[in-house]
Amino acid sequence: MPVQQFVPEQALVRRGLTNYWGYNTLGFLAPHNRYSSAGQLGEQVGEFKTMVKTLHDAGIEVILDVVYNHTSEGNHLGPTLSFRGIDNTAYYRLDDGDKSRYVDYTGCGNSLNVRHPHALQLIMDSLRYWVLEMHVDGFRFDLASALARELHDVDRLSTFFDLVQQDPVVSQVKLIAEPWDVGEGGYQVGNFPPLWTEWNGKYRDTARDFWHGRPGTLPEFASRLSGSSDLYETSGRRPVASVNFVTCHDGFTLHDLVSFNRKHNEANGEDNRDGTDDNRSWNCGTEGPADDPGINELRARQARNFLATLFCAQGVPMLLAGDEMGRTQAGNNNAYCQDNEVSWVDWSRAASERDLTDFTRALSALRREHPVFRRRRFFLGHPPTSGGPGDIVWLTPAGGEMTENDWRAGDAKSLGVFLNGEAISEPDPRGERIGDARFLLLFNAQADPVRFTLPEAGFGPEWEIIIDTAGPRIPAIHGELPALPAKTEVELAGRSMIVLCCQPTPGGPP
């Protein structure tokens, strides 16, 4: 999250709160002083560099969340701290009808003037500084659509994108967009230029709708699970353009997503008006903490469903810190001003949520060990000329291929997908052929159990269950379940997911 120098809004200070997240930048070329333990008179620069080097030595990249869409000076009633006093018209978008007021695409009182060369120079100088001097590996751009508004509409051919594209430094690092802002037409998921990766808000919404049991979600759920080619392929991008997530700092945590139907932001001091109402959440039967073991078991299962879907989807999975151990904000979905127990990570939960942490670790290991979940190119979706199943096949609970009528069945909430690790078309970075196991992912988002028939032997002669979200234990670790021959019936519990594996056939790719 933001580490550039920021200050809290006056309104928050008056309410006895502060800006905990840091999306209120004052200095774009300085690390935030309060995060430094070495001192606040320049020592924070050296400490930041040491931190980056230490993380790099451990094999961890550093990506900064940057806020170039607005500043901490707020609207026309806000304080004059820097840019307003230097050159108000150069740094801010002014209302054409009243130059004393600001155009606000951000919901924060002002918008940086990306039409002016001085504002653009500030942004580019700042980005280069953090790469060349601080050695960071990339950036996530908050409300990135606001940076592309040269006139009113979001323009993917804007000057900002041109500058990034041709810059010999910035164009070489990871560029991640939050592809929306609060202005009209600001939702631009799938519309950023080829260099860019995007937070895929459509993945988040579709995954939530599917596991909530909303009818008619199967086609879009399939698109999001397979890498969102409908959003990224036509612009020449690949599955890594999609940063998949179910939760992030902005909204419910995973625990709260399955525990609350409504936001509970009273502590923010705005009478619960702040924060989105479009949560697509489900409390599983009661609002907030529950004593009913059945409700708590269902909540745990839903959390596992979201995690398993995330780690098995094509694209880049993003996990909110603390979701792996049930972190809660007590239903607050906009905790930007809560520098207290609401927002802090309670590490003591790691012991009580050991099952969830182990489950998440197993999913991460599964993804790391099997390239079929990390394809560099989109699926082809058709059988190879040599015969046999294609690289991906969508299946009904009866074990047959999905038909047009199956996709159109609005009440259908169950499906399977076959991933063929022996039909990965792209080579590895050394040009060698990639081979992997075959996998079946079975999904059941309805309340009642569903019996799935495994497909015929051409897909795989024998299958092993390695993940089952119906319970917290990992079958592959404990060796609890026997191998299942083709055409065997498998029962999926209500609202659960199973992952099965078939090892490569003899003589197949290594």
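In what follows, the accompanying structure is described. The structure displayed is predicted, hence computed values, not measured ones. (Residues numbered from 1 in each chain as written. Predicted model: local features only at pLDDT ≥ 70, side-chain atom pairs only at ≥ 80, totals over all residues. Heavy atoms only, no water.)

**Some details on the sheet that holds strand β6 (residues 138-141)**
Sheet strands pair via backbone hydrogen bonds, and the direction of the pair is either parallel or antiparallel. The strand order across the open sheet built from six strands is β3-β6-β7-β8-β9-β10, with neighbouring strands paired in parallel fashion. Edge positions in the sheet fall to β3 (63-66) and β10 (316-317), since each of these pairs with one other strand and no more. Relative to β10, strand β9 (residues 242-244) runs parallel, the two sharing two bridges. Directly across from Val243, in β10, lies its bridge partner Val316. (Pairing = 2+ DSSP bridges. Helix = DSSP H or I, 4+ residues; strand = E, 2+ residues; numbered from the N terminus.)

**Remarks on empty space enclosed by the protein**
The rolling of a water-molecule-sized probe over the atoms marks out the regions of remaining empty space. By the definition in use, this model includes three cavities of 30 Å³ or more. Its boundaries defined by the atoms lining it, the largest cavity holds a volume of some 60 Å³. In this structure, the largest cavity is lined by Arg208, Trp211, His212, Leu257, Val258, Arg280, Ser281, Trp282, Cys284, Gln302 and Phe306. Elements with a contribution of two residues or more to the lining of the largest cavity: α6 (201-212) and α10 (293-312). Partitioned by chemical class, the residues of the lining of the largest cavity number six nonpolar, three polar and two charged. Estimated volume of the second largest cavity: approximately 50 Å³. Lining the second largest cavity are Val246, Thr247, Leu254, Phe306, Leu307, Leu310, Met318, Leu319, Leu320 and Asp323. When residues of the lining of the second largest cavity are assigned to their parent elements, the largest contribution, three residues, is made by α10. Tallied by class, the residues present in the lining of the second largest cavity amount to eight nonpolar, one polar and one charged. (1 Å grid on protein atoms, 1.4 Å probe; cavity = no way out; pocket = protein on both sides within 12 Å on 5 of 7 lines; lining within 4 Å. Points joined across faces, edges and corners; volume = space filled by probe spheres on them. Nonpolar A, V, L, I, M, F, W, Y, C, P; charged D, E, K, R; others polar.)

**Notes on the packing of aromatic side chains**
Geometry of an aromatic ring pair is reported as the spacing of the ring centres plus the angle between the planes. Inspection of every chain in the model, using the stated rule, returns 30 aromatic pairs. Here Phe160 and Trp196 contribute two aromatic rings whose centre-to-centre distance is 6.2 Å and whose plane-to-plane angle is 55°, an arrangement assigned as tilted. Linking Phe160 in helix α5 (residues 159-166) with Trp196 in the loop between β7 (174-177) and β8 (197-199), this pair joins segments that are 36 residues apart in sequence. Phe160 gets classed as buried once you look at its relative accessible area, which sits at 1%. Ring geometry for Trp211 against Phe443: centres 6.3 Å apart, planes inclined by 50°, an arrangement best described as tilted. (Phe/Tyr/Trp six-rings, centres within 6.5 Å; stacked < 30°, edge-to-face > 60°. Buried < 20%, exposed > 50% of the residue type's maximum accessible area, 1.4 Å probe, protein only.)

**Some points on the environment of Gly294**
Its place among the elements puts Gly294 in helix α10. Since its relative accessible area comes to 43%, Gly294 is described here as partly exposed. Along the primary structure Gly294 and Asn265 are separated by 29 residues, whereas in three dimensions their C-alpha atoms are 27 Å apart.

**Structural notes on the sheet that holds strand β13 (residues 438-444)**
Read across the sheet, six strands follow the order β11-β12-β13-β18-β15-β16 without closing on themselves; strand pairing throughout is antiparallel. Across the chains shown, the open sheet's two edge strands, defined by having one partner strand only, are β11 (392-395) and β16 (484-485). Relative to strand β18 (residues 496-502), strand β15 (residues 462-468) runs antiparallel, the two sharing four bridges. What sits directly across from Ile467, in β18, is Val499. Most of the contacts of α6 go to β13, to which it runs at about 60°, and overall it touches β12 (414-420), β13 and β18. (Contact = heavy atoms within 4.5 Å. Axes fitted to C-alpha atoms, helices over the stretch in contact; angles between N-to-C directions.)

**Describing the side chain of Asp181**
Looking at the secondary structure, you find Asp181 in the loop between β7 and β8. From its side chain, Asp181 meets the backbone nitrogen of Ala146 in a polar contact 3.2 Å long. Among residues more than four places away in sequence, those in contact with Asp181 are Tyr105, Leu143, Ser145, Ala146, Arg149 and Gly186. (Polar contact = N/O pair within 3.5 Å; in protein donor to acceptor, adjacent residues only side chain to side chain.)

**Structural notes on unusual backbone geometry**
Although it is not a glycine, Asp271 adopts a positive phi angle of roughly 55°. Along the polypeptide, Asp271 turns up in the loop between α9 (254-257) and α10. Given a relative accessible area of 63%, Asp271 falls into the exposed group. For Arg280, which is not glycine, the phi torsion reads 50° and is therefore positive. Among the secondary structure elements, Arg280 is positioned in the loop between α9 and α10. Relative accessible area serves as the criterion here: at 24%, Arg280 is assigned to the partly exposed category.

**Focus: the packing of helix α3 (residues 83-91) against helix α4 (residues 117-132)**
Their axes nearest at 8 Å, the elements α3 and α4 cross at an angle of 115°. Looking at the two axes, α3 sits roughly perpendicular to α4. Along the contact surface, α3 presents Phe83, Ala90 and Tyr91, while α4 presents His118, Ala119 and Leu122. Along the lines of polarity and charge, the residues of the contact of α3 with α4 split into five nonpolar, one polar and no charged. (Parallel < 35°, antiparallel > 145°, perpendicular 65-115°, else oblique.)

**Topic: the nonpolar core**
One finds Trp394, Leu419, Phe439, Leu441, Phe443 and Val499 to be the most contacted residues of the largest nonpolar core, which totals 50 residues. Ranked by the residues each element gives to this core, the list is headed by α10, at seven residues. Tyr68, Phe83, Val169 and Val170 belong to the second largest nonpolar core, which has 42 residues in total. (Core = buried A, V, L, I, M, F, W, Y, C linked by side-chain atoms within 4.5 Å.)

**Observations concerning helix α2 (residues 43-57)**
A rise of 1.5 Å per residue sets the reference length of α2, with its 15 residues, at 21 Å; its end C-alpha atoms lie 21 Å apart and thus fit the reference within 8%. Where α2 is concerned, the buried positions are Gln44, Phe48 and Val52. Viewed end-on, α2 has its buried residues packed into an arc of 80°, placing them on one side of the element. For α2, exposure combined with an orientation more than 90 degrees from the buried face picks out Lys53 and Asp57. Considering only its buried residues, α2 is in contact with β2 (25-31), β3 and α4. (Expected span 1.5 Å × (residues − 1). Arc of directions from axis to C-beta.)

**Examining the pairing of β7**
One ladder, built from four bridges, connects β6 with β7; its direction is parallel. Each bridged residue has a counterpart across the sheet, and for Phe139 the counterpart in β7 is Leu175. The sheet contact formed by β7 and β8 spans two bridges and is parallel. Pairing of Ile176 across the sheet is with Thr197, part of β8.

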